Amino acid sequence: MSAVMITRKVRKWEKLPGKNTFCCDGRVMMARQKGVFYLTLFLIIGTCTLFFAFECPYLAVHLSPAIPVFAVVLFLFVMAMLLRTSFSDPGVLPRALPEEATFIEMEIEAANGNVPSGQRPPPRIRNVQINNQIVKLKYCYTCKIFRPPRASHCSICDNCVDRFDHHCPWVGNCVGKRNYRYFYLFTLSLSLLTIYIFTFDIVHVVMRSVDDGFLNTLKETPGTVLEVLVCFFTLWSVVGLTGFHTYLISLNQTTNEDIKGSWSGKNRVQNPYSHKNIIKNCCEVLCGPTYPSVLDRRGLMQEDSPVAASSAVASPSSCPSPSFSFSNSSIPPPQTTKTTAPLIPNEHTPDDAKSSIAALAKSTSSSPTEDRPPSNDIPPLASPETDAETSVAKDKSH
């Protein structure tokens, strides 16, 4: 059984390497490990639901109706920043094509020369100068590229990410060049929301305890105790994380660079990306241009897939009608012959074409059986008159 190659168009996100999950036809890009992200959604939505159900009705009447309104606005902003961080491309760098990888390997071999057996080859590093500072570009053996400055390979997503900060399981995605500002705004707004809910939980308990007592208040609002516990333990981690990233932004530094000590090691190498000004560093990170994705996830590409030849031809029993389609079949369509000139000349026919038409008509009349289907092998039966004439002729000859 032979195979037929069929070319079809697919989206590029379907063929992207790495450990990512795509939804909505490539518009949503996340990591495969999303369990902690669902826990983040549950904690935020659950805590805010309890606050709107137990505290907001009482506080809106006894204090101000602006309290639940501001809480709703803050909650929607937190959710928008969370989804924007989780569903976007963090800045994944495309891997090298086979031709590009082969060319890079040839360049490396030509630069390093022949390495004697038993010796370790030199590291694959390129040096570039940024703001009068030498920065080393490391080679990624998985993506077959020299990573740009500040890029790193994420072992969880199996991708090289530009300006890689860290992989955050709470948002279910890497944090890099394209979504870092949304991640910081998410942590900042979540800190404000947690402080806001925790503060008004305490205010609600104090105000109701004056009239009903502390124990009766806890019995009437059981959700308040749960909210206070969740906000208390969340407050330290979220506010601490926001403060840490505020410190990094003021220095124009990433978490990956801070952990590795790239700019504070023994060599005391200065950070070439810092403007030596807190305001300029914050403006560059938070107010800089939005970089487009270089993956082109929803672009089209052609894919050749082998299909058995027998499957390309439809069986007669499966055809709903006697009409056949030759668009996806290996059977060529029947050829038809068309005449380009009339068989009978008229007044509009040129004189030089009349002679060719006459010759064509003569050849057609001389061989009338060429266009007919082949006749049967059985000869035609003779008529009775023909048999009688044949017998009379024989008697005369004798």
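Everything numeric here is computed off the predicted structure, so don't read it as measured data.

## Side note on the overall build of the protein chain
Then, number 1: Scanning the protein chain from N- to C-terminus turns up 11 helices and 12 strands.
Then, number 2: By residue count, 32% of the 398 residues in the protein chain fall in the buried class.
Then, number 3: For the protein chain, the computed accessible surface area is about 25,800 Å², with 62% contributed by carbon and sulfur atoms.

## Some thoughts on the nonpolar core
Then, number 1: Formed by 36 residues in total, the largest nonpolar core has its most connected members in I44, F51, L82, F186 and Y196.
Then, number 2: Every element with two or more residues in this core is listed here: β3 (28-31), α1 (35-62), α2 (66-86), α4 (180-212) and α6 (222-251).
Then, number 3: For this core, the element with the highest residue contribution is α4, accounting for 10 residues.
Then, number 4: The contact partners of F186, leaving out residues within four places of it in the chain, are T40, I44, V78, M81, L82 and V171.
Then, number 5: Ranked by size, the runner-up nonpolar core spans 11 residues in total, among them W13, C157, V161 and C174.

## Topic: unusual backbone geometry
Then, number 1: Notably, C24 is not glycine yet its phi reads approximately 55°, a positive angle.
Then, number 2: With respect to the secondary-structure elements, C24 resides in the loop between β2 (20-23) and β3.
Then, number 3: Of note, the phi angle at N252 is positive, near 55°, even though the residue is not glycine.
Then, number 4: Position of N252 among the secondary structure elements: in the loop between α6 and α7 (255-260).

## Describing the sheet that holds strand β8 (residues 152-154)
Then, number 1: The strand order β4-β9-β8 describes an open sheet built from 3 strands, whose pairing is antiparallel. At either margin of the open sheet sits one strand with a lone partner, and together these are β4 (92-93) and β8.

## Remarks on the confidence of the model for the protein chain
Segments scoring low in pLDDT should not have their predicted coordinates read at a detailed level.
Then, number 1: With 72% of its residues at a pLDDT of 70 or more, the protein chain shows a mean pLDDT of 77.
Then, number 2: Every residue in residues 311-349 scores below 50 in pLDDT, and together they form 20 contacts with partners more than four places removed in sequence or on other chains.
Then, number 3: Counting interchain partners and residues more than four positions distant, the pLDDT-below-50 stretch residues 364-398 has 1 contact.

## Quick word on a nonpolar patch on the surface
Then, number 1: The grouping of V36, L39, F42, L43 and W170 at the surface amounts to a nonpolar patch, some 470 Å² of accessible area in total.
Then, number 2: Residue position: W170 is located in the loop between β10 (166-168) and β11 (173-175).

## Overview of the pairing of strand β5 (residues 125-130)
Each regular strand carries side chains that alternate between the two faces of the sheet.
Then, number 1: Sheet analysis places β5 next to strand β6 (residues 133-140), joined by 6 bridges and oriented antiparallel. Residue pairing across strands places R126 opposite L137, the latter belonging to β6.
Then, number 2: Linking β5 to β6, which pair antiparallel, is a turn of 2 residues; within it N131 sits at a positive phi near 50°.

## Describing the side chain of N271
Then, number 1: As for its position among the elements, N271 is in the loop between α7 and α8 (278-287).
Then, number 2: In terms of polar contacts, N271 uses its side chain to reach the backbone carbonyl oxygen of L251, at 3.3 Å.
Then, number 3: Residues within four places of N271 in sequence aside, it is in contact with L251, N252, Q253, W263 and K276.

## Observations concerning the pattern of salt bridges
Then, number 1: One pass over the full model with this rule turns up 5 salt bridges.
Then, number 2: We note a salt bridge from D25 to R11, for which the minimum N-O separation is 3.5 Å. Residue D25 is found in the loop between β2 and β3, and its partner R11 is found in strand β1 (residues 3-11); the two are separated by 14 residues along the sequence.
Then, number 3: Its relative accessible area of 24% is what places R11 among the partly exposed residues.

## Comments concerning the sheet that holds β6
Then, number 1: Sheet architecture is open: 3 strands sit in the order β5-β6-β7, paired in antiparallel fashion. In the strand order of this sheet, the two ends are held by β5 and β7 (145-146), each with one partner.

## Topic: the packing of α4 against α8
Then, number 1: Put simply, α4 and α8 touch, their axes get as near as 8 Å, and they point 105° apart. One way to sum up the angle between α4 and α8 is to call them roughly perpendicular. Here Y180, R181 and Y184 of α4 lie close against α8, whose contacting residues are V285, L286 and C287.
Then, number 2: When grouped by side-chain class, the residues that make up the contact of α4 with α8 number 5 nonpolar, no polar and 1 charged.

## Focus on the packing of aromatic side chains
Then, number 1: For the coordinates displayed, the defined rule picks out 13 aromatic pairs.
Then, number 2: Taking 5.7 Å as the distance between ring centres and 40° as the angle between the ring planes, the aromatic pair formed by W13 and F22 counts as tilted.
Then, number 3: Residue W13 is classed as buried on the basis of its relative accessible area of 19%.
Then, number 4: Aromatic rings pair up to connect F51, F52, F70, F75, Y196 and F200 into one cluster.
Then, number 5: Sitting over the ring of Y58, R208 keeps its end group 5.3 Å from the ring centre.

## Some points on α6
Then, number 1: Taking 1.5 Å as the rise per residue, α6 with 30 residues should run 44 Å; its terminal C-alpha atoms sit 45 Å apart, in good agreement.
Then, number 2: A bend of about 35° at L235 is the largest found in α6.
Then, number 3: Turning to α6, its buried residues are G223, T224, E227, C231, L235, V238, T242, H245, L248, I249 and S250.
Then, number 4: One or two positions beyond α6, positive phi appears at N252, with a value near 55°.

## Regarding the packing of α1 against α2
Then, number 1: The N-to-C vectors of α1 and α2 enclose an angle of 170°; their axes lie 10 Å apart at closest approach. Judged by the inter-axis angle, α1 sits roughly antiparallel to α2. Together, F37, T40, L41, I44, I45, C48, F51, F52, C56, L59 and A60 of α1 and I67, P68, A71, V72, F75, V78, M79, L82, L83 and S86 of α2 make up the contact between the two elements.

## A word on the state of the cysteines
Then, number 1: Taken as a whole and assessed by the stated rule, the structure comprises 0 disulfides.
Then, number 2: Looking at the unpaired C140, the closest cysteine sulfur is the one in C160, lying at 3.5 Å.
Then, number 3: You can call C140 buried: its relative accessible area is 3%.
Then, number 4: Classification of C160 by relative accessible area gives buried; the value is 0%.

Rules used in this analysis
- Residues numbered from 1 in each chain as written.
- Predicted model: local features only at pLDDT ≥ 70, side-chain atom pairs only at ≥ 80, totals over all residues.
- Heavy atoms only, no water.
- Helix = DSSP H or I, 4+ residues; strand = E, 2+ residues; numbered from the N terminus.
- Buried < 20%, exposed > 50% of the residue type's maximum accessible area, 1.4 Å probe, protein only.
- Areas by Shrake-Rupley, 256 points an atom, 1.4 Å probe, with all protein chains shown as cover.
- Core = buried A, V, L, I, M, F, W, Y, C linked by side-chain atoms within 4.5 Å.
- Contact = heavy atoms within 4.5 Å.
- Pairing = 2+ DSSP bridges.
- pLDDT = per-residue confidence, 0-100.
- Patch = residues over 30% accessible without salt bridge, like charges linked within 9 Å, V, L, I, M, F, W, Y side chains within 5 Å.
- Salt bridge = Lys/Arg side-chain N within 4 Å of Asp/Glu carboxyl O.
- Polar contact = N/O pair within 3.5 Å; in protein donor to acceptor, adjacent residues only side chain to side chain.
- Axes fitted to C-alpha atoms, helices over the stretch in contact; angles between N-to-C directions.
- Parallel < 35°, antiparallel > 145°, perpendicular 65-115°, else oblique.
- Nonpolar A, V, L, I, M, F, W, Y, C, P; charged D, E, K, R; others polar.
- Phe/Tyr/Trp six-rings, centres within 6.5 Å; stacked < 30°, edge-to-face > 60°.
- Lys NZ or Arg CZ within 6 Å of the ring centre and 35° of its normal.
- Expected span 1.5 Å × (residues − 1).
- Bend = angle between axes of the 7 residues up to and from the residue.
- Disulfide = S-S within 2.5 Å.

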